[in-house]
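# Coordinate analysis (summary)
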Amino acid sequence: MPLIFTPKICAWLATSITVVLLLTPNAMAQKVERICALYPHLKDSYWLSVNYGMVEEARQQRVDLRVLEAGGYPNIDKQREQLALCVEWQADAIILGTVAPDLFKQSLKHEVNGIPVFATVNKLITDVGNQTVVKGEVGVDWYWMGYYAGDYLKTKHPKGSGKVQIVLLPGPKSSGGTKPVIRGFYSAIQDSDVQIKHTYWADNDKELQRNLVQQVIEQPDIQYLVGSAVAIEAAVSELRSSGKQQQIGLVSTYLSHGVYRGLLRNRIEFAPSDKMVQQGRLSVKQAVHYLRHQPYEPIEAPVIEPLTPSQLPAAVIADSLSPSEYRPTFYIYSEHN
């Protein structure tokens with residue numbers, strides 16, 4: 001029997017076609033979440049590796065990621081301006097690697113305009129009123145990074161074995177991690193023959209740290225340099241140039257690509273890793289799970305791994321360092337299929 005298209009059937013068909021059109025994949029597509037990430041700097045491969053982890057996870061989670069870096073720990077005003085840019089960009093979440101722990105202690109809630117914040121790597125201190133906007137935290141206690149470095153030297157030079165003099169080059173005083181590193185290091189070397197002759201502070205800039213290294217290696221009776229990855233990377237080449245590779249040992253308080261190469265070549269004795277790539281991934285996961293109302297751990301801390309030339313597990317290195325060819329990535333735009 002032929003189908004007769006009465007006015008009533010035609011009206012029903014028109015409505016049905018409209019509904020189908022409204023339910024096409026593009027119309028049903030979820031809103032792509034926007035995540036804005038702030039770093040203190042990208043001067044060394046530590047934050048480069050954090051960046052790699054974030055970028056990879058943003059791609060996997062199909063979110064938009066915008067990255068801003070302040071250019072150094074002293075640049076407090078610049079990070080404030082960048083926080084305002086995240087708000088202007090209408091970010092759904094902000095991942096904050098702060099240049100100073102208490103910079104936003106009393107102002108965070110106001111400055112982010114209620115956008116949820118996820119602290120990454122560096123400790124973020126807020127008062128009770130501003131704590132409500134902080135929804136997650138990723139990072140290790142840098143006290144233990146310093147402690148592991150100190151414990152390595154204490155094991156080599158226990159009390160009564162003969163005094164050794166060291167110089168500390170921890171990095172910038174304003175950094176969230178340097179002071180806990182020093183406390184941990186001091187705690188570890190108690191009751192050992194390790195003596196700290198000098199401590200020199202400077203921003204994690206290659207030339208600034210190189211200048212300090214040049215000054216230090218001219219001093220007599222220095223047996224170890226202990227410091228930031230930037231300082232220790234500079235020390236490798238300076239010791240080679242001065243012919244003092246066999247006289248002064250090198251211990252880094254964290255891992256970088258240059259420090260890893262130094263460990264491989266037996267130029268650096270020790271470095272702990274807090275798995276920077278993994279931290280970047282975890283921070284993006286926290287933000288995404290919060291935004292999508294999925295369960296997540298609000299506090300995440302990778303296990304710190306002590307590394308030496310004879311102990312360099314491939315899995316730890318993969319969780320720690322970006323690929324050698326990787327370059328900083330500032331924008332990731334994604335679309336839900």
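For the structure itself, consult the block above.
Time to look at the sheet that holds strand 4 (residues 117-120). In space, the seven strands of this open sheet follow the order 11-5-4-3-1-2-13, with mixed pairing throughout. Two strands lie at the open edges of the sheet, namely strand 11 (299-300) and strand 13 (331-332), each paired on one side alone. Of the pairings in the sheet, the one linking strand 3 (residues 93-96) to strand 4 comprises three bridges and is parallel in character. The residue bridging Ile95 from the neighbouring strand is Phe118, located in strand 4. The strands that helix 3 (residues 45-61) touches are strand 1 (34-39), strand 2 (64-69), strand 3, strand 4 and strand 13; relative to strand 1, the one it contacts most, it runs at about 175°.

The subject of this paragraph is the environment of Met276. Here Met276 lies in helix 12 (residues 276-291). With 229 residues separating them along the chain, Met276 and Trp47 place their C-alpha atoms 7.5 Å apart. Here Met276 is in contact with Tyr46, Ser49, Val50, Leu255, Asp319, Ser320 and Leu321, once residues within four sequence places are set aside.

This paragraph deals with the packing of aromatic side chains. Within this structure, the stated rule accounts for 14 aromatic pairs. The interplanar angle of 65° and the centroid separation of 6.0 Å between the aromatic rings of Tyr46 and Trp47 together place this pair among those described as edge-to-face. By relative accessible area, which is 3% here, Tyr46 ends up buried. Aromatic rings pair up to connect Tyr39, Tyr46, Trp47, Trp142 and Tyr254 into one cluster.

A word on the sheet that holds strand 9 (residues 249-252). Strand order in the open sheet made by the four strands is 7-6-8-9, with parallel pairing throughout. The strands lining the two open edges of the sheet, one partner per strand, are strand 7 (194-201) and strand 9. With direction set aside, neighbouring strand axes in the sheet form an average angle of 20°. By the bridge criterion, six bridges tie strand 6 (residues 164-171) to strand 7 in an arrangement that is parallel. Residue pairing in the sheet places Ile166 in a bridge with Ile196 of strand 7.

Attention now moves to the layout of surface pockets. Here the largest pocket defines a volume of roughly 520 Å³. In terms of lining residues, the largest pocket is bounded by 25 residues, among which Ser45, Glu233, His257, Gly258 and Arg261 are the most central. Broken down by class, the residue content of the lining of the largest pocket amounts to nine nonpolar, seven polar and nine charged. By volume, the second largest pocket amounts to about 310 Å³. Considering the residues around the second largest pocket, the lining is formed by 14 residues, among which Gln245, Ile248, Asn266, Arg267 and Glu269 are closest to the centre. When residues of the lining of the second largest pocket are traced back to their parent elements, those giving at least two are helix 10 (229-242) and strand 9. Its residues placed into classes, the lining of the second largest pocket shows six nonpolar, six polar and two charged.

Looking now at the pairing of strand 1. Residues in a regular strand project their side chains so that they alternate between the two faces of the sheet. Among the six residues that make up strand 1, five are buried, leaving the element largely enclosed by the rest of the structure. As defined by bridge partners, strand 1 adjoins strand 2 across six bridges and the pair is classed as parallel. Within the sheet, the bridge partner assigned to Tyr39 lies in strand 2 and is Glu69. The parallel pair strand 1 and strand 2, bridged by helix 3, forms a crossover whose chirality is right-handed. Taken together, the four bridges between strand 1 and strand 3 define a ladder with parallel strand orientation. Directly across from Leu38, in strand 3, lies its bridge partner Leu96.

Procedures and definitions
- Residues numbered from 1 in each chain as written.
- Predicted model: local features only at pLDDT ≥ 70, side-chain atom pairs only at ≥ 80, totals over all residues.
- Heavy atoms only, no water.
- Pairing = 2+ DSSP bridges.
- Helix = DSSP H or I, 4+ residues; strand = E, 2+ residues; numbered from the N terminus.
- Contact = heavy atoms within 4.5 Å.
- Axes fitted to C-alpha atoms, helices over the stretch in contact; angles between N-to-C directions.
- Phe/Tyr/Trp six-rings, centres within 6.5 Å; stacked < 30°, edge-to-face > 60°.
- Buried < 20%, exposed > 50% of the residue type's maximum accessible area, 1.4 Å probe, protein only.
- 1 Å grid on protein atoms, 1.4 Å probe; cavity = no way out; pocket = protein on both sides within 12 Å on 5 of 7 lines; lining within 4 Å.
- Points joined across faces, edges and corners; volume = space filled by probe spheres on them.
- Nonpolar A, V, L, I, M, F, W, Y, C, P; charged D, E, K, R; others polar.
- Right-handed = clockwise from strand over helix to strand, strands pointing away.

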